[in-house]
Amino acid sequence: MALRTLSSLKWSSNFLGETPGDEVIGGNPRQVTGACWSRVKPEPMPEPVLRLWSDEMAKELELDKEEASLLCGNVMIDGMDPYAQRYGGHQFGNWAGQLGDGRAITLGEVNTIHGILELQLKGSGKTPYSRFADGRAVLRSSIREFLCSEAMHHLGIPTTRALSLVTTGEDVIRDMMYDGNPAPEPGAIVCRVAESFLRFGSFEIHAMSGDIRTLRILVDNTIRLHFPEYSSESDLGIVEWLIDVADRTAKTIAHWMRVGFVHGVMNTDNMSIHGLTIDYGPYGWLEDFDPGWTPNTTDARTRRYRYEQQSMIGAWNLSRLMEAISPLMTNPHYLNKVLESYYDSYRKYISMMWAEKLGLGKFVDSDGALISELKSKLQKRETDMTIFFRLLTYIDEPDIVQLGKAFYDDRDVQTDEWNAWLTRWWHRVDGMPNRESMIKSNPKYVLRNWMAQMSIDAAEKGDYSVAVELYEMLKNPYIEQTEYEDKWFSKRPEWARHRVGCSMLSCSS
Ligand code: AMP
Ligand code: MG
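Each value, and the rule that gives it
Residues numbered from 1 in each chain as written. Chains lettered and ligands numbered in written order. Predicted model: local features only at pLDDT ≥ 70, side-chain atom pairs only at ≥ 80, totals over all residues. Heavy atoms only, no water. Donors = N, O, S within 2.8 Å, 3.2 Å for Na, K, Ca; no water. Buried < 20%, exposed > 50% of the residue type's maximum accessible area, 1.4 Å probe, protein only. Salt bridge = Lys/Arg side-chain N within 4 Å of Asp/Glu carboxyl O. Helix = DSSP H or I, 4+ residues; strand = E, 2+ residues; numbered from the N terminus. Core = buried A, V, L, I, M, F, W, Y, C linked by side-chain atoms within 4.5 Å. Contact = heavy atoms within 4.5 Å. Near = heavy atom within 4 Å. Polar contact = N/O pair within 3.5 Å; in protein donor to acceptor, adjacent residues only side chain to side chain. Areas by Shrake-Rupley, 256 points an atom, 1.4 Å probe, with all protein chains shown as cover. Nonpolar A, V, L, I, M, F, W, Y, C, P; charged D, E, K, R; others polar. Domains from an automatic or database assignment. Expected span 1.5 Å × (residues − 1). Axes fitted to C-alpha atoms, helices over the stretch in contact; angles between N-to-C directions. Parallel < 35°, antiparallel > 145°, perpendicular 65-115°, else oblique. Left-handed = near helix turned anticlockwise from the far one by under 90°. Disulfide = S-S within 2.5 Å.

Draft legend 1. Inspection of the coordination of the magnesium ion (ligand 2) at higher detail. Around the magnesium ion (ligand 2), the protein contributes the donor atoms Asn-270 (OD1) and Asp-279 (OD), which lie 2.0 to 2.2 Å from the metal centre. The exposure class assigned to Asn-270 is buried, which follows from its relative accessible area of 10%. Using a relative accessible area of 12% as the deciding quantity, one classes Asp-279 as buried.

Below is the structure:
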C-alpha cells in the first residue's frame, strides 16, 4: 500500500461547512455566542521532535511516518482548516458555562476507508476557549494520553486514538499539586484521532444559552454525519438516536469496570457523543480491588467519580444531555425511554461482562450472588484485580494457592473462605470454565499508574524506551508475552503506593 503524505490525505471540513461558527479568527479568551466553533491558528513550536508514533493508527489513515513531526501545528497543509470547538459542561455536578477546546485544535477531517476521522492537536496553543490557562500540555500528561488511549483501543474499548507525540522544545509552567510550587516541565503535543470530538457539553452549551437554532443545526448535522441510520425530523428519530448514544455509553462504562479503569473526570464535557473514552487526564487503574477508589485529587473529598459510581454518573450525564435536547422535542416525555434503555443496556453489558470474566457461559440470575460475594471477598484483603482475574483464567482446581500472586500479603489470605467460593464457582462451571472468554476479558497487562509514571520519569530524562516498550506490550494485552511478565505482570511496588502520579493525580496537565 502506498502511504500518503499529509497533503495527499483527503481532507474535508463538514463540521465547519455545516454548523455556525465564530466570525472572529483566533483572538483572546472570551465568551463566544451562536457558534459551534472558532477558527484558530496553532502556535508554532520552537523545536518539535517526534517521540512516539502509533503504527496502527497511521495505517488506518494510510499516513507515512515521515510526516509525523509535522503534526505539531508548525506547518499548515492545504486542506487543513484548524478550529477549536465550543462546548460547555457540568463539572462535578455544577453547570460551568462555556468551556470549549482551550488547548485542543482540530486540524481537519480526513476521509478514510473507515469513514471520516478528525485529527486534533492537544497542547498547541491558546484559543478563545483557553480561559485563564496557556493552551499547552506537558510531557507527562501527553505520554499518559498517548499510551492509555492506544492501550484502551487494543483492549477493545471504544476510545479516541493517538497518532503521534511530539515534544515542543518549550517549557511549560505547572503547579502540579496546586500547592504553590510551580515548576517548568517539558511541553508536548499529542495528535489524537476520532470520528469527532463532540461531547454531551457540545449540545448543552446551546440549550443552556437558549440558542435553540444552533442546537437544532448541531443535532441535525451530528445525526446526518455520524448517525445516518436515524432521522432528526421526528421525536421518534431523536429518541432512537439518543438510545444509541446511551447504549454506547453503557457499553464503554461496562468495559471500564471490566478492566478496572477509572476515568477520574466524568464531567459532561468529557463524555463523547460516540461513547468513546475521551480526555485522558487524572485517570487510573485499580491495583487492589477498591470500588471506592478515585485517582483524582480534585475529587478526593466526595469521590464523585470513583470506580463503582461510574455507571450512575453515566446516567446522570445522559440526563443532562436529554435536558439539552428536550427543547427540540414536541413531546419531551419520550426522552424517559432513553434513561430506561440506558439502565437496561448497562445491566445487559455488565452481566455479560461478569459472565465472560468468570467463564460462566450464559449469565443466569443466580450468578448475581456469586459475583457479589466475589466482589466483597476481593475487598477484604488487598488483592490485585488484574492478577487475580488473569490467574483465575488458568486455574485447574478450586484452590486459592494458585492465585497467591494476587495478594499483597499472602499470610493474610483466608484460605477456607476463598476455597469455599472457588468451589462454588467451580461447580457452577462444571469444572470447565469457558477459558477462551476469560482470556479475552481478563487482560494480563494494563497501564498501571506506576508503569506510566516509570515511562514518564525516563522520558523526562530523554529516554523514551520505557514508553515504547509499554506501547508495544499493550498492543497485545490478552497475550501472555512471558518476556514482560516479571517486570509488568506485577503488583504495585511499595515506592508507588503514595507517589504523586501513581496513587493520586491532579488535573494539572
Ligand atoms: P479537562 O479537565 O482537561 O477536560 O479540561 C476542562 C477545560 O479546561 C476544557 O475546556 C479544556 O480545554 C480547558 N483546559 C485544560 N487545560 C488547559 C490549558 N492548559 N490551557 C487552556 N485550556 C485548558
Ligand atoms: Mg475535557
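Draft legend 2. Geometry of the pattern of salt bridges. With the rule as written, the count across this model stands at 39 salt bridges. Residue Arg-192 is joined to Glu-145 by a salt bridge in which the shortest nitrogen-to-oxygen separation is 3.2 Å. With Arg-192 in strand E10 (residues 183-194) and Glu-145 in helix H3 (residues 139-154), this pair connects stretches of sequence that are 47 residues apart. Like Glu-145, Arg-192 is buried. Residue Glu-308 is joined to Arg-306 by a salt bridge in which the shortest nitrogen-to-oxygen separation is 3.2 Å. Look at Arg-306 and you get buried, because its relative accessible area is 18%. One network of salt bridges, with partners in common, ties together Lys-122, Glu-145, Arg-192, Arg-199 and Asp-279.

Draft legend 3. A look at the nonpolar core. Within the largest apolar cluster, 118 residues are counted, with the highest numbers of intra-cluster contacts made by Trp-241, Trp-285, Leu-358, Leu-392, Trp-425 and Leu-447. With twelve residues, the single largest contributor to this core is helix H6 (residues 235-259). If sequence neighbours within four positions are ignored, Trp-425 has contacts with Leu-358, Leu-360, Leu-370, Leu-392, Ile-395, Pro-433 and Met-438. Listed in part, the 24 residues of the second largest apolar core include Ala-58, Ala-68, Leu-107 and Leu-163.

Draft legend 4. Spatial organisation of the site of ligand 1. In the region of ligand 1, 16 residues are neighbours, and Gly-100, Gly-102, Arg-131, Gly-135 and Asn-270 sit closest. Here a nitrogen atom of ligand 1 sits 3.2 Å away from a polar atom, N or O, in the side chain of Arg-103. Asp-279 places a polar side-chain atom, nitrogen or oxygen, 3.4 Å from an oxygen atom of ligand 1. In isolation ligand 1 offers 480 Å² of accessible surface; the protein chains occlude 83% of this area. Residues of the shell around ligand 1, tallied by class, amount to three nonpolar, five polar and eight charged. Taken domain by domain, the shell around ligand 1 gets at least three of its residues from each of domain 1 (6-200) and domain 2 (231-355).

Draft legend 5. Quick look at helix H5 (residues 212-226). Compared with an ideal rise of 1.5 Å per residue, which puts 15 residues at 21 Å, H5 spans 21 Å between its outermost C-alpha atoms and is within 8% of the ideal. Those residues of H5 lying buried are Thr-214, Leu-215, Leu-218, Val-219, Asn-221, Thr-222, Ile-223 and His-226. Turning to H5, the residues buried within the fold contact helix H1 (14-18), helix H4 (200-208), H6 and helix H7 (310-325).

Draft legend 6. Layout of the packing of H6 against H7. Axis separation between H6 and H7 bottoms out at 10 Å; the angle between their running directions is 160°. With respect to their mutual orientation, H6 and H7 come out roughly antiparallel. As H6 packs across H7, the resulting crossing turns out to be right-handed. In contact with Ile-238, Trp-241, Leu-242, Val-245, Ala-246, Thr-249, Ile-253, Trp-256 and Met-257 of H6, H7 contributes Gln-310, Ser-311, Gly-314, Leu-318, Leu-321, Met-322 and Ile-325.

Draft legend 7. Just the state of the cysteines, in detail. Throughout the structure, instances matching the rule amount to zero disulfides. No disulfide involves Cys-148; its sulfur sits 14 Å from the nearest other cysteine sulfur, which is in Cys-502. Judged by relative accessible area, Cys-148 falls into the buried class, the value being 0%.

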